[in-house]
Amino acid sequence: SQQGEEDPQALSIQEGENATMNCSYKTSINNLQWYRQNSGRGLVHLILIRSNEREKHSGRLRVTLDTSKKSSSLLITASRAADTASYFCATDARRDDKIIFGKGTRLHILP
Amino acid sequence: DGGITQSPKYLFRKEGQNVTLSCEQNLNHDAMYWYRQDPGQGLRLIYYSQIVNDFQKGDIAEGYSVSREKKESFPLTVTSAQKNPTAFYLCASSNRLMNTEAFFGQGTRLTVV
């Protein structure tokens, strides 16, 4: 079962624009994480936000968490060609400590 | 350098054979995970282990087996009972006590020939 679901499934934007991806989940969580995956590679951790936090920043990344709506968003500002990748949210459920991933958003930055 | 290592990077299996994928970490993490990824898809949890000598089934455990005899090692065996094993397999570890992010290996691409 997928705990997290990202939206949109795919996104193409011009270089320099901002990219926003959303994630919804189903059960209570300890934390929510965002990862990036370049084609055929392992996942790279981007940012972790705990259930008692509402917003977090890391460089050009901004993550928000709304536990009442069971949703999170990832904003990448001033996008670059190197940001082209798939982005996944992952939730760490309180009930069983499993880390469950969504299906991801494929982001394509156009030159 | 601390990290998590998967081997081999590419693996070919004949139908009916069992194969074992290696995952080793030197991060002193208690928790380790195995995921399967199919083309254009997300990650699905196969097995996870929170402590040595203990592991739990994930969402798609059928046809797979694991062991956790050492803290740093969590090998995954893809058995002949797994009917569609061709996929990209990813191993991860995390520090459960600190409730922090998971670190991933570079993956093993398994192909049935």
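Structure: above.
Residues numbered from 1 in each chain as written. Chains lettered and ligands numbered in written order. Predicted model: local features only at pLDDT ≥ 70, side-chain atom pairs only at ≥ 80, totals over all residues. Heavy atoms only, no water.

(A) Region of the structure containing the overall build of chain A. On a plain count of helices and strands, chain A comes out with zero helices and 11 strands. Mapped in sequence order, the helices and strands of chain A form the string β-β-β-β-β-β-β-β-β-β-β. Taken against the 2.2 N^0.38 rule, which gives 13 Å for 111 residues, the C-alpha radius of gyration of chain A at 13 Å falls within 12% of a compact globule. Taken along its principal axes, the extent of the C-alpha atoms in chain A is 45 × 30 × 20 Å. For chain A, the residues scored as buried account for 50% of the 111 residues in total. (Helix = DSSP H or I, 4+ residues; strand = E, 2+ residues; numbered from the N terminus. Rg over C-alpha atoms; globule rule 2.2 N^0.38 Å. Buried < 20%, exposed > 50% of the residue type's maximum accessible area, 1.4 Å probe, protein only.)

(B) Just the sheet that holds strand 3 (residues 19-25) of chain B, in detail. Residue and element names in this part refer to chain B. With respect to topology, four strands assemble into an open sheet ordered 1-3-8-7, the strand pairing being antiparallel. Bordering the open sheet on either side are strand 1 (4-7) and strand 7 (64-66), each of which pairs with just one other strand. Here the strands of the sheet are splayed against their neighbours by 20° on average, with no regard to which way each runs. Relative to strand 3, strand 1 runs antiparallel, the two sharing four bridges. Across the sheet, I4 pairs through a bridge with Q25, a residue of strand 3. (Pairing = 2+ DSSP bridges. Axes fitted to C-alpha atoms, helices over the stretch in contact; angles between N-to-C directions.)

(C) Region of the structure containing the interface of chain B and chain A. On the side of chain A, 25 residues touch chain B, which itself brings 25 residues to the contact. Interface of chain B and chain A: buried area, both sides summed, is about 1,900 Å²; carbon and sulfur atoms make up 46% of it. Where chain B packs against chain A, one counts one salt bridge. For the salt bridge of B:D59 with A:K98, the shortest nitrogen-to-oxygen distance reads 3.7 Å. Across the chain B-chain A interface, the total number found is five residue pairs in polar contact (both at pLDDT 80 or more). For the side of chain B that touches chain A, the secondary structure elements donating two or more residues are strand 4 (31-37), strand 5 (43-51), strand 9 (87-94) and strand 10 (102-104) of chain B. The element that contributes the greatest number of residues to the side of chain B that touches chain A is strand 5 of chain B, accounting for five residues. (Contact = heavy atoms within 4.5 Å. Buried area = accessible area lost by both parts, 1.4 Å probe. Salt bridge = Lys/Arg side-chain N within 4 Å of Asp/Glu carboxyl O. Polar contact = N/O pair within 3.5 Å; in protein donor to acceptor, adjacent residues only side chain to side chain.)

(D) Summary view of the state of the cysteines. Residues and elements named next belong to chain A. In this structure the tally under the stated criterion is two disulfides over all chains. The disulfide bridge from C23 ends at C89, spanning 2.0 Å between sulfur atoms. Taking the sign of the S-S torsion, about 60° here, the bridge from C23 to C89 comes out right-handed. Here C89 lies in strand 9 (residues 85-93) and C23 lies in strand 3 (residues 19-24), a separation of 66 residues in the sequence. (Disulfide = S-S within 2.5 Å.)

(E) Representation of the nonpolar core. Membership of the largest hydrophobic core comes to 22 residues, with the highest contact counts inside it found for A:L32, A:W34, A:L74, A:I76, A:Y87 and A:L107. Among the elements of the structure, strand 2 (10-14), strand 3, strand 4 (29-37), strand 5 (43-50), strand 7 (61-66), strand 8 (71-76), strand 9 and strand 11 (105-110) of chain A are those that each provide at least two residues to this core. Within the second largest apolar cluster, 20 residues are counted, among which are B:W34, B:I60, B:A87 and B:Y89. (Core = buried A, V, L, I, M, F, W, Y, C linked by side-chain atoms within 4.5 Å.)

(F) Molecular detail of the pattern of salt bridges. All names here are of chain B. With the rule as written, the count across this model stands at seven salt bridges over all chains. Of the charged contacts, one joins D30 and K71 as a salt bridge, the two residues approaching to 3.5 Å between their closest N and O atoms. One end of the pair, D30, is in the loop between strand 3 and strand 4; the other, K71, is in the loop between strand 7 and strand 8 (76-78), and 41 residues separate them in sequence. One salt bridge in this structure joins D38 and R44, with 2.8 Å as the shortest N-O distance. Note on R44: relative accessible area 35%, which makes it partly exposed. One salt-bridge network, held together by shared partners, links R36, D38 and R44.

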